[in-house]
Amino acid sequence: MHHEETLVINTQGLTKTFKGVNALQALNLKVPKNSIFGFLGPNGAGKTTTIKLLLGLARPTSGSASVFGLDVVKDSTGIRKRVGYLAQDPRYYESMTARETLRFTARFFYSGSKAAIEERIDQTLELVGLSDKADRSIKGFSGGERQRLGIAQAQINYPDLLILDEPAASLDPMGRHDVLEVMERLRKHTTIFYSTHILSDVQRVSDTVAILKKGQLIAQAPIDALLAGNEGVIYTLSVKGDGQGMEERLCSHSWVTAVNIVPDGNGSSLWQVSVADETAAEDHLLRLVLEDRTLTVTAFGRKQHDLEEVFMSMVGEEKHVG
Amino acid sequence: MSANATFQPVNERGWRRGFANLLRYENSTWWRTRRWWINSLIWLVIINGTLLAMLASSAEVTEALQQTPEQVMEQARTVFVVMAGIFGTVGVIIAMQGTIIDEKKSGTAAWILSKPASRTAFILAKLVANVAALFVVLLVLQGTVAYLQLTAYSGSPPPLMPFVFGMGLLGLHMLFYLALTLVLGTLFQDRGPVIGIPIGILFSAMFLMGYMGQFAYLMPWMIIPSGGVQGLAIEVMLEQPLSTTTPIVATVVWIVIFTGVALWRFAREEF
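Residues numbered from 1 in each chain as written. Chains lettered and ligands numbered in written order. Predicted model: local features only at pLDDT ≥ 70, side-chain atom pairs only at ≥ 80, totals over all residues. Heavy atoms only, no water.

A. Broad picture of the sheet that holds strand S12 (residues 216-222) of chain A. Residue and element names in this part refer to chain A. Strand order in this open sheet of six strands is S7-S9-S10-S4-S11-S12, and the pairing throughout is mixed. Both edges of this open sheet fall to strand S7 (83-86) and S12, since each of them pairs with a single strand only. For this sheet the average axis-to-axis angle between neighbouring strands, irrespective of direction, equals 15°. Of the pairings in the sheet, the one linking S7 to strand S9 (residues 161-165) comprises four bridges and is parallel in character. (Pairing = 2+ DSSP bridges. Helix = DSSP H or I, 4+ residues; strand = E, 2+ residues; numbered from the N terminus. Axes fitted to C-alpha atoms, helices over the stretch in contact; angles between N-to-C directions.)

B. Summary view of a nonpolar patch on the surface. All names here are of chain B. A contiguous nonpolar surface patch, about 820 Å² in accessible area, is contributed by Trp31, Trp36, Trp37, Ile38, Leu41, Ile42, Val45, Val136 and Val140. Taken together, the elements giving at least two residues each to the nonpolar patch come down to helix H2 (35-56) and helix H7 (119-154). Structurally, the position occupied by Val140 is in helix H7. (Patch = residues over 30% accessible without salt bridge, like charges linked within 9 Å, V, L, I, M, F, W, Y side chains within 5 Å. Areas by Shrake-Rupley, 256 points an atom, 1.4 Å probe, with all protein chains shown as cover. Salt bridge = Lys/Arg side-chain N within 4 Å of Asp/Glu carboxyl O.)

C. Region of the structure containing empty space enclosed by the protein. For the structure shown, the criterion picks out two cavities of 30 Å³ or more. In this structure, the largest cavity encloses a volume near 50 Å³. Forming the walls of the largest cavity are B:Ile86, B:His173, B:Tyr177, B:Leu202, B:Ala205, B:Met206, B:Trp221, B:Ile224 and B:Ser226. Of all the secondary-structure elements, those providing two or more residues to the lining of the largest cavity are helix H8 (160-187) and helix H9 (191-212) of chain B. No other element matches H9(B), which puts three residues into the lining of the largest cavity. Residue composition of the lining of the largest cavity, grouped by class: seven nonpolar, two polar and no charged. Elements with a minimum of two residues in the lining of the second largest cavity: S9 and helix H7 (173-186) of chain A. By residue number, the principal contributor to the lining of the second largest cavity is H7(A), which donates four residues. Here the residues of the lining of the second largest cavity sort into seven nonpolar, no polar and no charged. (1 Å grid on protein atoms, 1.4 Å probe; cavity = no way out; pocket = protein on both sides within 12 Å on 5 of 7 lines; lining within 4 Å. Points joined across faces, edges and corners; volume = space filled by probe spheres on them. Nonpolar A, V, L, I, M, F, W, Y, C, P; charged D, E, K, R; others polar.)

Distances and angles like these do not, on their own, reveal function.
Structural data, given as structure tokens:
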């Protein structure tokens, strides 16, 4: 398969400047087909700017970008035919009902068979849980209901690419859960490119992640690779008892590269054992420690970073994301 | 996705992409809401109400000033053209002031343009729908009621075609301000200049016409009575020879320029 066919979004040196300020600097982003791509970064990092450039709502200052191999400047309409978009703060015509909004949206894509379109609208309303509010004016909708309607209108056209800007931002935990479920359901059919500030959601559903800071891409990798970190393989053990002798014994093995013991003050300690050979560690590490009858192991596992940890270490001083 | 195989895709291309859908929506904002009859009622009271008041009091005035019924009819048509020309135009400006600005500020324009709709279609749908609605509410309805009033007063209808052509010139006058308000909506981010500039241009004619010299011919001011000028619309209604056609040609040119600039500017708008 050609490289272009496997990438849905491909940007090269994409740059956007507003009044001399670089909102986006030479962004090289590659979004694989059928991925759920999490796009992270602190406030003002350039996430929404990137999305607007991809949709033709803004023009790049320099560089280029393509979606489905189509140029975002020259073939914007062609791209938008195949994309569904949910804005960060979605706004619709207030005089319309949810059903009318979806009908209006659908007519940008489809003509003919009214019955088929109405059926699609009903399906979509059902999917986002708005069937009972379908004929109510959206003027009275809550933030969560607007967000659900946003997801509904974004996927009314069976898009090949869903672009969601903070899709779960204004939802309660149940609403967030529903949105993530919808995203997971849609991944079979479409590529989802979404920005969010809820890192646990990204860790749950994304398979690839990019992190943007001050308009620059600082990381882009499959989520597993990102969570593995760059410290090599580390195993952690929670141990009760004095482990000084064991530390020396472990260090004598060639596959152990370092042992770091952090006492917790209650006679227990957290051991971090860095290893060069993962298989040897899995086979021998726990057995070796348990040979010492003075030690009790209460927990054992491979160290996993969480996304927040990775994000904070990369973004540095930034305290909030969004 | 395969599931969309049962649907027939929209086949509009180029600038027309999304036009039919947007036009349907824009029309619905007039005809599926109270907007059309509220506007009709307000401007009927202001424009035709004034004409009615004038005709109702004309018997006393005619006697006092020793006017002929023909002179009263001429005055009635002048009053109608002034009221429709000024207040009808104010109606156009008020109706159009938020058309673009509100959508830019609220985010609905960005929402629409994230769909496969062209920016030209977005502007033209607003132009076409508002021209049609405002012409019905401010020209056809007001003109018809005024014509019936004049007929009822004099006992015989005034010449129809001159009246229609005079209304046509009033329509051209309104179209100038409609296109101007539209282009200002694409150029500014606030309502202030969008309503202030057209109102300023409309009323400046009353006070500054005498100082404008030849420039006055390049504006739509001479179409309606203002600043001591009888007004081309009145000349047409009274079947008099046109004193000049330059303002008519200039107004058409302005309308084309405003529409062109609105399309050009909106195509470069960033959201």
